[in-house]
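Summary of structural features
The residues making up each chain are set out below.
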2 protein chains.
Amino acid sequence: MSPPRITPVILCGGSGTRLWPRSRKPKPKPFLPLVGERTMFEATLDRCIDDGTFTNAVIVAGSAHVCHIAEQAGDTPTVIVEPAAKNTAPAIGLAAALLPTDAIMLVCPSDHHIAEPDAFVAAAKAAAKLAADDWMVAFGIAAVRPETGYGYIRTGEPIEGGNRVDRFVEKPDLETAERFLAEGGHAWNGGIFAFRAGAFMDELAAHRPDMAEAVRQAVAGGRYDGQTFHPAPEPFAAIEGESVDYAVMENTRRAAVVPADMGWSDIGGWDALRDARPGDEAGNRTIGNAELVDCRNVLVETDGPRVSVIGLEDVIVVVDGDEVLVTTAAGAQRVGKLSGAANQ
Amino acid sequence: MSPPRITPVILCGGSGTRLWPRSRKPKPKPFLPLVGERTMFEATLDRCIDDGTFTNAVIVAGSAHVCHIAEQAGDTPTVIVEPAAKNTAPAIGLAAALLPTDAIMLVCPSDHHIAEPDAFVAAAKAAAKLAADDWMVAFGIAAVRPETGYGYIRTGEPIEGGNRVDRFVEKPDLETAERFLAEGGHAWNGGIFAFRAGAFMDELAAHRPDMAEAVRQAVAGGRYDGQTFHPAPEPFAAIEGESVDYAVMENTRRAAVVPADMGWSDIGGWDALRDARPGDEAGNRTIGNAELVDCRNVLVETDGPRVSVIGLEDVIVVVDGDEVLVTTAAGAQRVGKLSGAANQ
């Protein structure tokens, strides 16, 4: 028999301080064309349009972003409007409770870059097969450097179509990350998951019964407005926010992982964005009116004023309206702490 | 008897590409408040206001800058409007031909920074005494580093109140500049001179007779409009432009030099401007809305947008209207070659 079709469940969250000043609270990272001409959100939808593999998407987002979703996705997807921001476990729960119990959900953040969409679809199909057998499936993203900014998944014993998860590892220090890379058997946890909707709700009920019940009540008391679904606010507001990693993945006895080597980046800062964009022979990347003299690996992005740069290496310059950011690539991780980013 | 009073002759020229984008063709460097609250031109006038030492100034400038001069100097000085830009020898010649022959002229560029104005006045008095004896006097500015961007003056035998000039040296290479500094006996030629007006015209007539005659005709055929003097354009237009160094100083047998150790800078680029401004304990200098994180010796100047800088050292960031400049201090000397600076 043909495999069940996959329902993309796309999570639009996050305040987006790390790509400030380009990404700002009213229009954060998912809704900006950061790599190429499509926005991160549009590219996320694009990856899930496939003849026979995917159904229409379900999007979970806060009310502040519904306008961007309507503009960029049209009215084909179902949009679930979160009554409050409660992290990923309740957000996924809303979709799981709304969908038929046998729906296979593929949970995707809306602001990740995937250079090889074919590899993404292949991993999605493998994950969906395991999810149909009631595994809680995480994408295990091929670790290509000793990154200390991500959680890791330690691969366990093989099962058909993947592996059990041995354990989830919090963000490691550099020494540990280097050991993971040298040893193998550790993949990045990129926040991409596959679940059967009913199985997810069962696991949620087993490990976070109050949250599962509140989610069910919010969906039962919700209402549709066209393709937009508004859960009941009261039960949802009472939930204690928690990530799906903590609430479900680290507790379930049926956690599985499928390998995904697909040119993935969470574009976690200006340095990562620079690396995701194609550069010229000197490694420079420019968007907008820019002149670079004797520069290497410099990123310039300007929405208007001309930017002239002389003699710099590994530096990022961003001009966005009333804000100008100049940072070393290494300093890019501190952008979120700047007054401008923090006080939006 | 008391010494003759000194007439400051202030030259306002130059296109000002090296401090682009702050300095632009319509309002170049002399008319901007680059160090402190006074413009370079205002500060030049301020240095020459002294009880009993100086007369009112004579300003020589192109017509494009008369409006700035009126705004910043009022109507006290005489303004000679150059009919065309012909370099410094003809510009000084206009003042020399217009002034009484026994006037003692102190020729000053209008865009230099002098940290110690008292030392300037002392050197001016010494130079004036020599000029009254018909010496052609250059300020010999104390060389404090092996600078390759300036001409040098090699000091010759002592005369009363100074020294003869042994010779003028073109901009040296670094090795030569380092030797000059180690040996001593070499000062920078900063383009500050003292002449008796009649003596200057005699020397000009001896070495550049056509130029001297054209200058005399331009002054004889000129007209006053209030305090503004317009030389006759036709004779002046025929002059072949030349610097006073080439036309007079390198040819006269009566070149003298007076030492001047006065915290001088020609503010020849953004790096020099940074060094002329007081910094905080990390060596950072900011004008306008700026936030610096983990920076050292960074200059930020913005006329509006907030500038946030992370992790940089020895870098200059300038925001001026529709232009943003980011350069290493070392790269600042190439600012004039940028499209924005070159195509004004």
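Just so we're clear, the structure is a prediction, and the values are computed from it rather than from any experiment. (Residues numbered from 1 in each chain as written. Chains lettered and ligands numbered in written order. Predicted model: local features only at pLDDT ≥ 70, side-chain atom pairs only at ≥ 80, totals over all residues.)

Another aspect to go through is the overall build of chain A. Along the backbone of chain A there are 11 helices and 19 strands. Relative to the 2.2 N^0.38 estimate, which gives 20 Å for 344 residues, the radius of gyration of chain A is 20 Å and therefore close to what a compact globule would have. Judged by the C-alpha coordinates and their principal axes, chain A covers about 60 × 50 × 40 Å. The buried share among the 344 residues of chain A stands at 51%. A sequence separation of at least 24 residues applies to 65% of the contacts in chain A between residues at least 6 apart. (Helix = DSSP H or I, 4+ residues; strand = E, 2+ residues; numbered from the N terminus. Rg over C-alpha atoms; globule rule 2.2 N^0.38 Å. Buried ≥ 20, exposed ≤ 12 C-beta atoms within 10 Å, placed from the backbone. Contact = placed C-beta atoms within 7 Å.)

The next point concerns unusual backbone geometry. Backbone geometry follows two general trends: most residues other than glycine have a negative phi, and most peptide bonds adopt the trans configuration. Residue A:W20 is joined to A:P21 through a cis peptide bond whose omega torsion reads 5°. Considering the arrangement of structural elements, one finds A:P21 in the loop between β1 (6-12) and α1 (40-47). In this structure, A:N87 is a non-glycine residue whose phi angle is positive, near 75°. The residue A:N87 is located in the loop between β3 (78-82) and α3 (88-98) in this model. Although it is not a glycine, B:D314 sits at a positive phi angle of roughly 55°. Judged by the 19 C-beta atoms lying within 10 Å of it, B:D314 falls in the partly exposed class.

This paragraph deals with the domain arrangement of chain A. Residue and element names in this part refer to chain A. By domain assignment, chain A separates into domain 1 (6-265) and domain 2 (273-342). Relative placement of domain 1 and domain 2: their C-alpha centres are 30 Å apart. Contacts between the two partners involve 10 residues from domain 1, matched on the other side by 14 residues from domain 2. Per-class residue counts for the side of domain 1 that touches domain 2 are five nonpolar, three polar and two charged. (Domains from an automatic or database assignment. Nonpolar A, V, L, I, M, F, W, Y, C, P; charged D, E, K, R; others polar.)

Attention now moves to the nonpolar core. Formed by 234 residues in total, the largest nonpolar core has its most connected members in A:M105 and B:M105. Setting aside residues no more than four positions away along its own chain, A:M105 makes contact with A:T7, A:V9, A:A95, A:A96, A:L99, A:A194, A:F195 and A:A197. (Core = buried A, V, L, I, M, F, W, Y, C linked by C-beta atoms within 7 Å.)

Across the sheet, six strands lie side by side as β15(A)-β17(A)-β19(B)-β18(B)-β16(B)-β14(B); this open sheet has mixed pairing. The open sheet terminates on both sides in strands that have one partner only, identified here as β15 (290-293) of chain A together with β14 (285-287) of chain B. Shown here is a sheet whose adjacent strand axes are inclined to one another by a mean of 5°, direction ignored. (Pairing = 2+ DSSP bridges. Axes fitted to C-alpha atoms, helices over the stretch in contact; angles between N-to-C directions.)

This brings us to the relation of the copies chain A and chain B. With an axial shift of 0.0 Å and an RMSD of 0.0 Å, the rotation relating chain A to chain B amounts to 180°. The two molecules are tied by a two-fold rotation axis, judged by turn and shift. A share of 100% of the interface residues of chain A reappears at the interface of chain B, consistent with the copies meeting face to face through the same patch. (Least-squares fit on C-alpha atoms with pLDDT ≥ 70 in both.)

So, on to the interface of chain A and chain B. Taken residue by residue, the interface counts 27 residues in chain A and 27 residues in chain B. Of all the secondary structure elements, the ones that give two or more residues to the side of chain A that touches chain B are β15, β17 (306-310), β18 (315-320), β19 (323-328) and α11 (339-342) of chain A. A per-element tally of the side of chain A that touches chain B places β19(A) first, with six residues. As paired elements, β19(A) and strand β17 (residues 306-310) of chain B share five bridges and run parallel to each other. Note on β17(B): the bridge partner recorded for A:V326 is B:V309.

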